[in-house]
Amino acid sequence: MKLSKSLLQHITPQHYLFLPAPHVFSLPEKVLQFGTGVLLRGLPDFLINKANNEGIFNGRIVVVKSTEAGGNAGIFNKQDGLYTLSIRGVHGSKKVDEIHICAAVSRVLTAATEWEEILLCAENPHMQVVISNTTEVGITLVKDNIHASPPVSFPGKLLAFLYHRYKFFEKDVEKGMVIVPAELVPDNGDKLLSIILEIAHQNGLEIDFIDWLETSNHFCNSLVDRIVPGKLSVAEQQTLEKSVGYEDGLMIMSEVYALWAIQSGSDKVKEVLSFAKVHDGIVIRKSIDKFRELKLRLLNGSHTFACGLAFLAGFDTVKEAMEDIDFSHYIKQLMYDEIIPSIITEDITTEEAIDFADSVLDRFKNVFIDHQWLSITAEYSSKMNLRNTAVIQNYYERFGTAPELMSLGMAAHMLFLRSEQGEDEKFYGTSNGRQYLITDSNAAIYSSSWKKYNGDFIVTNIFSNKDVWQTDLNELPGFAAAVTSQLNTLKDFGAPNALFDVARTKNVINNEK
């Protein structure tokens with residue numbers, strides 16, 4: 001049987017299976033959400049569902065689908081807005097395997113065909129919150145007509161909604177919205193507001209409205225962090241559906257870890273976003289820079305230091321690498337011995353950094369997610385620069401010497417990007433007897449350097465390229481020499497032996513302390 005509201009009475013809750021509370025279906029619509037993607041369903045929508053079940057937020061979500069073609073709007077409405085979230089992973093070294101039937105979504109409206117219905121939502125006095133995840137491309141400025149049905153862009157649609165609300169409630173300052181974009185763009189709330197203001201000026205909207213827009217609405221920068229791969233494999237879904245006794249065309253899975261950091265010092269925002277009380281992964285702070293820094297350096301940065309090394313060592317997935325004792329030692333010591341001491345500030349304490357690193361290790365160990373190292377190497381060189389150059393420089397400022405494990409990660413990145421250009425003009429590397437595609441905007445630079453400096457000078461040559469690093473890394477005393485030494489070890493003895501050497505050496509040293 002298909003998942004639906006009427007089917008719920010025939011499903012028996014279990015210790016691992018959580019059903020929506022009966023009262024949630026009568027709750028008013030409080031949230032307008034732009035986007036139907038799995039990240040929204042796996043994080044904000046799930047957290048609002050949890051809050052509703054506990055009688056905290058007490059509001060449902062109207063989802064706006066931007067395009068008419070394809071998608072899942074029809075399935076949503078056939079299933080009465082219900083969908084299943086399977087949460088699988090490790091938390092505090094304990095395995096978690098939960099199934100939640102989520103009922104936060106009341107309905108899905110398609111902008112192309114139901115725009116007038118979407119505008120009617122602006123007339124709802126209970127409406128308080130806007131959430132979005134329209135991808136990074138969604139928060140861009142395009143020339144738009146907010147009187148179109150619908151406007152072209154997401155900012156144009158949101159502006160039209162707010163303008164309709166402003167007129168309907170006759171400039172009521174209490175009818176502004178709390179707007180929390182979840183797009184992976186730094187300062188996404190600030191950027192969205194600036195674009196909306198520009199479109200408002202393009203459309204000649206009155207000064208009183210622009211004043212209402214800026215003073216009665218709260219555009220909050222936010223940071224979301226949860227791996228939501230989406231659909232389960234066919235076999236996994238069939239097994240899960242058999243265990244719960246129903247079919248679900250919207251079933252998705254996510255990891256256990258969840259972070260939704262929202263930037264605001266407003267008491268009104270905290271009052272409106274009352275669902276923050278339901279989960280310690282939702283944080284509302286005057287500044288969320290700390291959370292962004294921890295994620296960038298410990299999660300993303302360690303991924304980038306490790307991805308080439310892991311792939312060259314013969315590991316295809318993160319979970320496979322974490323099962324290897326030498327790689328596991330490497331990633332742990334990289335974070336605890338080198339990255340954490342480099343990022344501690346007045347805002348980030350050692351305890352906070354260690355707690356975050358512990359959660360990262362739990363996520364790396366998740367046996368339910370097939371995180372491919374090769375996909376993590378996409379735009380390897382720019383990621384290495386953006387995520388890790390500052391950390392390396394901080395390490396030098398504090399310790400005055402080359403960080404050994406970062407040096408090995410940097411050397412592996414150099415070796416991974418050694419390539420030949422194919423007839424299709426793409427660049428390919430070779431490791432362990434197999435060819436792999438390099439997806440990197442600087443692939444030609446590395447390929448050319450390897451051809452010209454296939455020896456000890458390859459590192460100094462690439463380090464001096466300011467198009468890659470925006471600085472000359474050769475200015476860090478001994479860093480090029482340390483990376484060159486590690487590179488020679490990788491070339492001569494292979495990545496597994498390099499991992500064995502540094503992991504066991506570090507482990508022995510730590511045990512002696």
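Everything below is about the structure shown above.
Please read these numbers as outputs of a predicted model, since none were measured by experiment. (Residues numbered from 1 in each chain as written. Predicted model: local features only at pLDDT ≥ 70, side-chain atom pairs only at ≥ 80, totals over all residues. Heavy atoms only, no water.)

### A few points about the overall build of the chain
Selection criterion: In DSSP terms, a helix is any run of H or I states spanning at least four residues, a strand is any run of E spanning at least two, and both are numbered starting from the N terminus. The globule rule used for comparison is 2.2 Å times the number of residues to the exponent 0.38, while the radius of gyration itself is calculated over C-alpha atoms. Only the protein chains shown count as cover for residues, and the accessible areas themselves come from Shrake-Rupley with a 1.4 Å probe. This count recognises Lys and Arg as positive and Asp and Glu as negative, with His and chain-terminal groups excluded. To locate a charge, the coordinates of NZ of Lys, CZ of Arg, CG of Asp or CD of Glu are taken.
Secondary structure summary: the chain contains 21 helices and 16 strands in total. The C-alpha atoms of the chain give a radius of gyration of 25 Å, which matches the 24 Å a tight globule of 513 residues would have. Only carbon and sulfur atoms are counted for the fraction: they give 50% of the accessible area of the chain, which is about 21900 Å². The positive charge centre, built from 48 side chains, and the negative charge centre, built from 65, are 3 Å apart in the chain.

### Section: unusual backbone geometry
Heads up, the rule is: The buried label goes to any residue with under 20% of its type's maximum accessible area, the exposed label to any with over 50%, and the partly exposed label to all in between, with areas taken from a 1.4 Å probe on protein chains only.
For the peptide bond that leads from Ser149 to Pro150, omega is 5°, which places it in the cis range. Its location among the elements puts Pro150 in the loop between strand 7 (129-132) and helix 5 (154-168). The residue Glu170 is not glycine, and still its phi comes out positive at about 55°. For Glu170, the position within the fold is in the loop between helix 5 and strand 8 (178-181). Non-glycine residue Asn432 carries a positive phi angle of around 50°. Residue class for Asn432 comes out exposed when judged on its relative accessible area of 54%.

### Some thoughts on the sheet that holds strand 10 (residues 222-225)
Applicable threshold: At least two DSSP bridges between two strands are required for those strands to pair. Geometry is summarised by axes, namely lines fitted to C-alpha atoms with helices restricted to the contacting stretch, and by angles between N-to-C directions that run from 0 to 180 degrees.
Strand order in the open sheet made by the three strands is 10-12-13, with mixed pairing throughout. The open sheet has two edge strands with one neighbour each: strand 10 and strand 13 (282-285). Each neighbouring strand pair of the sheet contributes to a mean axis angle of 10°, computed without reference to strand direction. Both strand 10 and strand 12 (residues 259-263) contribute to a ladder of four bridges, which runs antiparallel.

### Description of the packing of helix 10 (residues 289-312) against helix 16 (residues 404-416)
Our working definition: Throughout this description, any angle smaller than 35 degrees is read as roughly parallel, any larger than 145 degrees as roughly antiparallel, any in the 65 to 115 degree range as roughly perpendicular, and the remainder as oblique. The hand of a helix crossing depends on one turn: near helix anticlockwise from the far one by less than a right angle means left-handed, and clockwise means right-handed. Throughout, a residue-residue contact means that at least one pair of heavy atoms, one from each residue, lies within 4.5 Å.
Relative to each other, helix 10 and helix 16 sit at 60°, their axes nearing to 7 Å. When the interaxial angle is binned, helix 10 and helix 16 end up oblique. Crossing of helix 10 over helix 16 shows left-handed handedness. The segment helix 10 lies against helix 16, with Phe305, Gly308, Leu309, Phe311 and Leu312 engaging Met406, Leu408, Gly409, Met410, Ala412, Leu415 and Phe416.

### Overview of the environment of Glu338
What counts here: A 3.5 Å cut-off defines polar contacts: any pair of N or O atoms within that distance qualifies, except that in protein one atom must be a possible hydrogen donor and the other a possible acceptor, and neighbouring residues in sequence count only when both atoms are side-chain atoms.
Along the chain, Glu338 turns up in helix 12 (residues 325-343). Considering only alpha carbons, one finds Glu338 and Pro403, 65 residues apart in sequence, at a separation of 6.7 Å. Within the structure, Glu338 has its side chain in polar contact with the backbone nitrogen of Leu405 (distance 2.8 Å).

### Some remarks on the pairing of strand 4 (residues 83-91)
Within strand 4, seven of the nine residues are buried, which leaves the element mostly enclosed by the surrounding structure. Sheet topology places strand 4 next to strand 5 (residues 94-102); nine bridges connect them, and they run antiparallel. Each residue of the ladder has a partner; that of Arg88, found in strand 5, is Asp97. Counted along the chain from strand 4 to the antiparallel partner strand 5, the turn is two residues long, and its residue Gly92 has a positive phi close to 60°. Examined bridge by bridge, strand 4 and strand 11 (residues 252-254) share three bridges and lie parallel to one another. Pairing of Ser86 across the sheet is with Met253, part of strand 11.

### Quick word on the sheet that holds strand 8
Strand order in the open sheet formed by six strands is 6-3-2-7-8-9, and the pairing between neighbours is parallel. Of all the strands in the sheet, just strand 6 (105-110) and strand 9 (218-219) have a single pairing partner and so form its edges. With four bridges joining them, strand 2 (residues 29-34) and strand 7 adopt parallel strand pairing. Residue pairing across strands places Gln33 opposite Ile131, the latter belonging to strand 7. Its contacts with the sheet put helix 5 on strand 2, strand 7, strand 8 and strand 9, and the angle it makes with strand 2 is roughly 155°.

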